[in-house]
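# Results of the structural survey
One-letter residues, chain by chain:
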Number of protein chains: 2
Amino acid sequence: MQRMTRQRTALADLLDGTPDFRSAQQLHQMLKDAGQNVGLATVYRTVQAMAEAGDVDVLRIEDGEALYRRCARGHHHHLVCRECGKTVELAGEAVERWASRIAHEHDFVDVDHTAELVGTCRECATRIYGGGTGA
Amino acid sequence: MQRMTRQRTALADLLDGTPDFRSAQQLHQMLKDAGQNVGLATVYRTVQAMAEAGDVDVLRIEDGEALYRRCARGHHHHLVCRECGKTVELAGEAVERWASRIAHEHDFVDVDHTAELVGTCRECATRIYGGGTGA
DNA sequence: CATGTCATGACAATCATTCTCAACAATGAT
DNA sequence: ATCATTGTTGAGAATGATTGTCATGACATG
Ligand SMILES: [Zn+2]
Ligand SMILES: [Zn+2]
Ligand SMILES: [Zn+2]
Ligand SMILES: [Zn+2]
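Given the structure is predicted, the values throughout are model-derived calculations rather than measurements.

Turning our eyes to something else, we now look at the sheet that holds strand β4 (residues 77-81) of chain A. Whether parallel or antiparallel, the strands of a sheet pair through hydrogen bonds between backbone atoms. Pairing is mixed in the open sheet, where six strands are placed in the order β5(A)-β4(A)-β6(A)-β6(B)-β4(B)-β5(B). The open sheet has two edge strands, β5 (87-90) of chain A together with β5 (87-90) of chain B, and neither has a second partner. The sheet shows a mean angle of 20° between the axes of neighbouring strands, taken without regard to direction. This element, helix α5 (residues 122-129) of chain A, spans β4 and β6 (108-121) of chain A together with β6 (108-121) of chain B of the sheet and lies at about 45° to β6 of chain A. Taken strand by strand, helix α5 (residues 122-129) of chain B contacts β6 of chain A together with β4 (77-81) and β6 of chain B, and its axis lies near 45° from that of β6 of chain B.

Another point: the domain arrangement of chain A. Residues and elements named next belong to chain A. For chain A, the assigned domains are domain 1 (1-72) and domain 2 (73-135). Just the C-alpha atoms count here: the centres of domain 1 and domain 2 sit 22 Å apart. Taken together, the contact pairs 12 residues of domain 1 with 11 residues of domain 2. Of the roughly 820 Å² buried between domain 1 and domain 2, counting both surfaces, carbon and sulfur atoms make up 44%.

Residue and element names in this part refer to chain B. Within the protein, the zinc ion (ligand 3) binds to C81 (SG), C84 (SG), C121 (SG) and C124 (SG); these donor distances fall in the range 2.1 to 2.5 Å. Ordering the donors of the zinc ion (ligand 3) by residue number gives the pattern C-x2-C-x36-C-x2-C. Of the two residues, C81 sits in strand β4 while C121 sits in strand β6, which places them 40 residues apart along the sequence.

The rules behind each value
- Residues numbered from 1 in each chain as written.
- Chains lettered and ligands numbered in written order.
- Predicted model: local features only at pLDDT ≥ 70, side-chain atom pairs only at ≥ 80, totals over all residues.
- Heavy atoms only, no water.
- Pairing = 2+ DSSP bridges.
- Helix = DSSP H or I, 4+ residues; strand = E, 2+ residues; numbered from the N terminus.
- Axes fitted to C-alpha atoms, helices over the stretch in contact; angles between N-to-C directions.
- Contact = heavy atoms within 4.5 Å.
- Domains from an automatic or database assignment.
- Buried area = accessible area lost by both parts, 1.4 Å probe.
- Donors = N, O, S within 2.8 Å, 3.2 Å for Na, K, Ca; no water.

Dropping the structure here:
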């Protein structure tokens, strides 16, 4: 009941070759640039379906906009560079333990959690703040 | 340079008496219901200024909408009931250690983090799934 | 009270996301 | 291959939260 269309294939391929989180609008534009015209509504629908199926991860930036990225299946978290978008997937057992301990302590059930790290990677830090030669 | 106006006082008082996270639109309506008319734009401006000043916390729900809540000053996280909105503030030293360890391991600097827990509190779980008398 | 600013609010404008629905196309059967 | 079935697409409208505009209003101080 999930048909394989030109549009879905194109989007899946694009995501496979895109290491960083991208918005639906960006993906739509990237497809257009690549000569693969796919309607914006279709990009939204497809990327959301993929998110529900666990095929992509969703990240919300500060203003609430949703970004998508092809990720390893299964629960994990991210460390993202705020400058270049470089993303590291984190297994983070420590967070899992923390979450379940807190849930227990406060008598909550069905506790989900989100945890994301945003920083500046070595390359970007060097480029911005300068090399090791001092000021 | 921060003048004390009727509107800001009203909003501050309202937040003082509101234990759960609320949207700007909700706060605007609550003020109207209380006979305190405050423009929607003013609510947005004020609540954002308070957030920048660290006087309220911001939480983004699944669809990206921003919710605000008067919280203790300083960095902390939350455990929120998805049914009734009951909120517990968490000191969460475990998360702080995890975040800084990961930052180190991956050679990132200036790493910020977000971590939020959403679950169902005891009262709501009992109401929804039934009491302790079995199925 | 006068006066200088900052603050307010009604409304327009943005902008991401969702909805609508007629035209289309993937799939499976004939 | 042809066809019928039914999920899919896309252009544009609609939604809804948030932001911008700017003339008017109201703190705070002398
Ligand atoms: Zn970087
Ligand atoms: Zn986790
Ligand atoms: Zn509850
Ligand atoms: Zn923390």
